[in-house]
Amino acid sequence: MSKRIFKIVIAAALILALTMSFTSCANTGAKVADAASASGSVDNTTLTWEYNADNKTLKINGSGAIPDFDSTESVSWYAVRHSVEKLEISSSITEIGSNAFYYFPKLTSVTIPEGVTSIGNKAFAFCSSLTSIVIPDSVTYIGQSCFEACVKLGAIFLPSSVTEIGERAFMRCSSLTNATVMAQISELGSQTFKGCSRLSTLCFSEAVRGITVAEDAFSEASMSFENATFPQLTTGEFSLSISYVYADGTQA
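Model, not experiment: these values are computed from the prediction. Every chain begins its residue count from 1, and numbering advances along the sequence as written. pLDDT decides what is reported in this predicted model: residues at 70 or higher carry local features, side-chain atom pairs at 80 or more are listed and counted, and totals for whole chains, interfaces and linings draw on all residues regardless. Values reported for side chains reflect all heavy atoms of the structure, with hydrogen atoms and water molecules removed beforehand.

Enquirer: Where do I start with unusual backbone geometry in this structure?
Expert: Note on backbone geometry: most residues besides glycine have negative phi, and most peptide bonds are trans. Of note in this structure, Lys122 is not a glycine but carries a positive phi near 55 degrees. A helix here means a DSSP run of H or I that spans at least four residues, while a strand means a run of E at least two residues long, and both kinds are numbered starting from the N terminus. Looking at the secondary structure, you find Lys122 in the loop between strand S8 (118-119) and strand S9 (132-134). In this model, Gln191 sits at a positive phi of 60 degrees, which is unusual for a non-glycine residue. Within the secondary structure, Gln191 sits in the loop between strand S14 (187-188) and strand S15 (201-204).

So, in structure tokens, the structure goes:
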């Protein structure tokens, strides 16, 4: 009888252990709750930040550089990263540091303000809902893995002000169909467009046709540097005439 009781106890313990294991696995994939409104400052800078839970917007206020963060966990606004859908960056910001907005899974679009000169390593990597990014012609540096695995990003335009693009900058941007790169670069590094399997339009400035391109810069991509178009940058003056048509049909 004692052996039977012992077996029952062991069986019950195993069932309990398995149940706890399944519960743990289920919680791992559970939906992350939306963050509450929060605010704070960035160490060793004059910058402050504010997250509004009502409109899911993160604002970075102040002037100067958003610093490099050593890890994603050290980012000042780390606690709200899963909830942010909109990002507003002060027009007085001059740099966006490494890891600043790494893995913001709900962030949909970003406009980099005029005056920003560099976007650091992994600054927007793994922003899996990001569909558009506007980069002004003040930016000179795009960091390593800057937009890596932004799987919904459909198009990018890099202005002629850009002089350096880091390795893996657009790696695994699997929805990227249009890449227009007017950057005045001397080389294209390893895995820059690796895994861009839907890339159908690829355009570089004629001025960079002869640059050094890493052998794997376009590995697993649907385009290559040799297949790109190379328009010549031109400037000129134009006259434009505009006719206004009013609701009553008259024109001006």
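Enquirer: I would appreciate a short explanation of the sheet that holds strand S6 (residues 93-96) in the present structure.
Expert: Sheet strands pair via backbone hydrogen bonds, and the direction of the pair is either parallel or antiparallel. Each pair of strands is called paired provided DSSP finds at least two bridges between the two strands. The sheet built from five strands is open, its strands ordered S4-S6-S8-S10-S12 with parallel pairing. The outermost strands of the open sheet, each flanked by one partner alone, are strand S4 (64-66) and strand S12 (164-165). In this sheet, S12 lies alongside strand S10 (residues 141-142) in parallel orientation, the contact comprising two bridges. Paired with Ile142 across the two strands is Ile165, which belongs to S12.

Enquirer: Can you walk me through empty space enclosed by the protein in this structure?
Expert: Take a probe with the size of a water molecule and roll it over the atoms, and the empty space left behind shows itself. A cavity here means a set of 1 Å grid points, computed over protein atoms only, where a 1.4 Å probe fits but cannot escape. A pocket is an open set with protein on both sides within 12 Å along at least 5 of 7 lines, and lining residues have an atom within 4 Å of a point. Grid points are joined across faces, edges and corners, and a volume is the space filled by probe spheres set on the points. Considering all chains together, one arrives at one cavity of 30 Å³ or more under this definition. Roughly 30 Å³ of internal volume is contained in the largest cavity. Around the largest cavity, the lining residues are Thr72, Val75, Trp77, Tyr78, Arg81, Asn99, Tyr102 and Phe104. Residue polarity is assigned by list, with Asp, Glu, Lys and Arg as charged and Ala, Val, Leu, Ile, Met, Phe, Trp, Tyr, Cys and Pro as nonpolar; anything else, Gly included, falls into the polar class. Tallied by class, residues from the lining of the largest cavity come to five nonpolar, two polar and one charged.

Enquirer: Teacher, can you tell me more about the packing of aromatic side chains here?
Expert: Think of a pair of aromatic rings as described by two things: how far the centres are apart, and how the planes are tilted against each other in angle. Pairing of aromatic rings covers Phe, Tyr and the six-membered ring of Trp, with a centre-to-centre limit of 6.5 Å; geometry is then stacked below 30 degrees between planes, edge-to-face above 60, and tilted otherwise. The full count for this structure, using the stated rule, is 13 aromatic pairs. The interplanar angle of 80 degrees and the centroid separation of 5.6 Å between the aromatic rings of Phe101 and Phe104 together place this pair among those described as edge-to-face. Note on exposure labels: buried denotes an accessible area under 20% of the residue type's maximum, exposed denotes more than 50%, and partly exposed covers the range between, all computed with a 1.4 Å probe on protein chains only. On the accessibility criterion, Phe104 (2% relative accessible area) is buried. With 5.2 Å between their ring centres and 10 degrees between their planes, Phe193 and Phe218 make a pair best called stacked. With Phe193 in the loop between S14 and S15 and Phe218 in the segment after strand S16 (212-213), the pair connects residues that are 25 residues apart, well separated along the chain. Per residue, the accessibility class of Phe193 equals that of Phe218, and both read buried.

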